[in-house]
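Summary of the model geometry
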Amino acid sequence: MRSLIRTLAFIVAAAAPVLLPGEGVCARADQEVLRALPDPMADVRGLKQQLALAPDLDMQAVSDAVSHIVPTLVPGSWHLEEADLASPAVVGGKKTEQQQRLDFLPLDLVLGQVKKQMGDKHHPDLLKANPRPGQPVLTLQGGAFSLDDIHSALEKAGNTEALSKVDGEYSLHYPLFIMSTAKLQINAGETLVLSTGEGVFVLNIGNLSIVKAQLSGSNQRNRIGEFKPFILTALGGGMDIVGSKLSNLGFGDRTYMRGIDVVSNLLFPIQTRTRLVANRILDVGSIEMIGMKQIDIRNNLIINSEDSAIRVRNVESGQLRNNIIVGSRHHGVHLTDNPKNLMISGNVISGGRGAGIYASGGVSRAQISDNLLLDNAQDGIALEGAACSEISGNSIYQNGKGGIAATNSLAMQFQKNLIVGNGGAAIAIVGGIATDDRHLLKQNRFIDNQTGVLARHSPKLEMTGNDFSRQLPVLFAGELKRNLPQYLARAGKLDTGVAGIFTTSSSAATAVREGGGRQFVLLNLESCKL
């Protein structure tokens, strides 16, 4: 019976050139032949039902459902590991003083501390958001503090309004500045609420540690409607957030104030450091990492981000691993400004209004592997100006546009991806950087996408071992259609594809003349193999 199905499938495939008008929109009557093959959608439907329960997700149920769809992810991949709790906290570059010192500084003076590294574009908005006369900032000048230490010190000083405590819950009513030789530790079981109406935020250039605690913005409205509190770590500070819940943060679409922001500069003598592990992050604008040497973001549940859930700009290396991202109002993960050496693996990204993963502006040497990209409004993975990167082992289901789209990219590898039911091409290659460049498409499986592989002005494509048996009748679209007869003649069986390497002709000259490679830093490409 299986051999009969394969024979019928090949007969339909051989007729495909006749069924390929335009750019690949056509009827699917002949696909009924293939319905006897295994259907991976049953587990996907079950997972979508689980994810629809956000923000009240049952993590165990989600973990089990995902492991059925992506076998490389085992149940429990997103749980808090005891090793993370036991390991030393990430700390900043300067040693915390022994003596506790606390004071109040004016807001404009505090903002001046970060002006040199980050500018002052949005500082007038912060001044307007703070209604308090004199605009004092609670400042930890030195020493290690708990919330109880700060509360006790303020009571002794006669200040009962900067940090209040009611029924065991702390509320911060002044902005907080943690200086380079100071540390704030929010301990297990504690809750800190930042006053939205009073323009509160946390600026940390020392050390901030939040372990199995809660931090949120209050539900009040600020006189600047977009304002919500945020946490900004910069200038060689350290931020360590593990096993905690963070919610209602982020001052609109303002760089450095989007919610949880960590900023460094590769030329700065002291690097900012961070770790975000096993947290529940709800209604936070974005997690933004800028100019870091290394990042560690893993095992987090990130729900209903107002912007892209995770933004990574100009980062040297790091990992985004085993995060569940649901319902972002923009992209799930957004990479830009020449980040490199990133491992993006084991993430579930679903229900966003943008792409699951969007990379632009010279991303290089990235490994995007074993992720589940499901039901996002745009592409599962969209690459605009990526180089020398591997996209492998991803499961990409039912995204509104395509599965994987690569524009003006260089020396890319697409391997062992399962791409199912997307609204556009399973893999689209548009534009190129070098006329002698080539992309590798190896052992990918295509099922019921609008189009299998689309190419426009693309470099050469090397194709081997791809499974098109359930992608009928539209295998190729765009300029790639002219290669279809030769491909079918060599394939023999569509479920195993061409045994050797089938190389398409290049049509990249137009894109190269337009200068598509200007976004790359040439030093980042020194290890590329073209």
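Residues numbered from 1 in each chain as written. Predicted model: local features only at pLDDT ≥ 70, side-chain atom pairs only at ≥ 80, totals over all residues. Heavy atoms only, no water.

1. Topic: the pairing of strand 17 (residues 286-290)
Our working rule: Any residue under 20% of the maximum accessible area for its type is buried, any over 50% is exposed, and the rest in between are partly exposed; the area is computed with a 1.4 Å probe on protein chains only. By the criteria applied, helices consist of DSSP H or I runs no shorter than four residues and strands consist of E runs no shorter than two, each listed in order from the N terminus. Two strands are said to pair when DSSP picks up at least two bridges between them.
Within strand 17, 5 of the 5 residues are buried, which leaves the element mostly enclosed by the surrounding structure. Alignment of strand 17 against strand 20 (residues 310-313), held across 4 bridges, turns out to be parallel. Directly across from isoleucine 287, in strand 20, lies its bridge partner isoleucine 310.

2. With respect to the packing of aromatic side chains
Counted only if it meets this: A pair of Phe, Tyr and Trp rings is counted when the ring centres sit within 6.5 Å of each other, with Trp represented by its six-membered ring. The angle between the planes then sorts it: under 30 degrees is stacked, over 60 is edge-to-face, the rest tilted. Charges are assigned to positions over rings by a cutoff of 6 Å between ring centre and Lys NZ or Arg CZ, combined with an angular limit of 35 degrees from the ring normal.
Using the criterion set out here, one finds 8 aromatic pairs in the structure. Where phenylalanine 446 meets phenylalanine 468, the ring centres are 4.6 Å apart and the plane angle is 15°; that geometry is what we call stacked. Separated by 22 residues along the polypeptide, phenylalanine 446 in strand 37 (residues 445-447) and phenylalanine 468 in strand 40 (residues 467-470) bring together distant segments of the chain. As far as burial versus exposure is concerned, phenylalanine 446 and phenylalanine 468 are alike and both buried. Ring centres of phenylalanine 476 and tyrosine 487 lie 5.2 Å apart, and the angle between their planes is 65°; on these two criteria the pair is classed as edge-to-face. Note that phenylalanine 476 is positioned in strand 41 (residues 476-478) and tyrosine 487 in helix 8 (residues 484-491), a separation of 11 residues in sequence. Through a chain of ring-to-ring contacts, three or more aromatic side chains come together here, namely Phe446, Phe468, Phe476, Tyr487 and Phe502. Geometry around phenylalanine 251 places arginine 254 over its ring, the cationic atom sitting 3.9 Å from the centre.

3. A few points about the confidence of the model for the protein chain
As a reminder, the rule being used: Known as pLDDT, the predictor's per-residue confidence is scaled from 0 to 100. Between two residues, a contact is recorded if the distance between any of their heavy atoms is within 4.5 Å.
Of all residues in the protein chain, 88% attain a pLDDT of 70 or more, and the chain-wide mean is 86. Taken as a whole, residues 1-38 scores under 50 in pLDDT and shows 58 contacts with residues more than four places along the chain or in a different chain. Per-residue pLDDT stays below 50 along residues 508-518; that stretch engages in 18 contacts with residues further than four places along the chain or on separate chains.

4. Notes on the environment of threonine 139
Applied cut-off: In protein, a polar contact means a hydrogen-donor-capable atom and an acceptor-capable atom, both N or O and within 3.5 Å, with residues adjacent in sequence counting only if both atoms are side-chain atoms; elsewhere, any N or O pair within 3.5 Å suffices.
Residue placement: threonine 139 occurs in strand 2 (residues 136-146). Judged by relative accessible area, which is 0%, threonine 139 ranks as buried. Between the C-alpha atoms of threonine 139 and isoleucine 178, which are 39 residues apart in sequence, the distance is 6.0 Å. When near neighbours in sequence (up to four residues on either side) are disregarded, threonine 139 contacts Arg101, Leu102, Asp103, Phe104, Leu105, Phe177 and Met179. At 3.1 Å, the side chain of threonine 139 forms a polar contact with the backbone oxygen of valine 137.

5. Quick look at the pattern of salt bridges
Keep this limit in mind: By definition here, a salt bridge exists when the distance from a side-chain nitrogen of Lys or Arg to a carboxyl oxygen of Asp or Glu is within 4 Å.
Within the structure shown, the criterion is met by 17 salt bridges. Of the charged contacts in the structure, one is a salt bridge between arginine 329 and glutamate 306, with a shortest N-O distance of 3.0 Å. Taken together, the residues span a long stretch of sequence, with arginine 329 in the loop between strand 22 (324-326) and strand 23 (333-336) and glutamate 306 in the loop between strand 19 (301-303) and strand 20 at a distance of 23 residues. Residues glutamate 462 and arginine 438 are paired through a salt bridge, measuring 2.7 Å at the closest nitrogen-oxygen approach.

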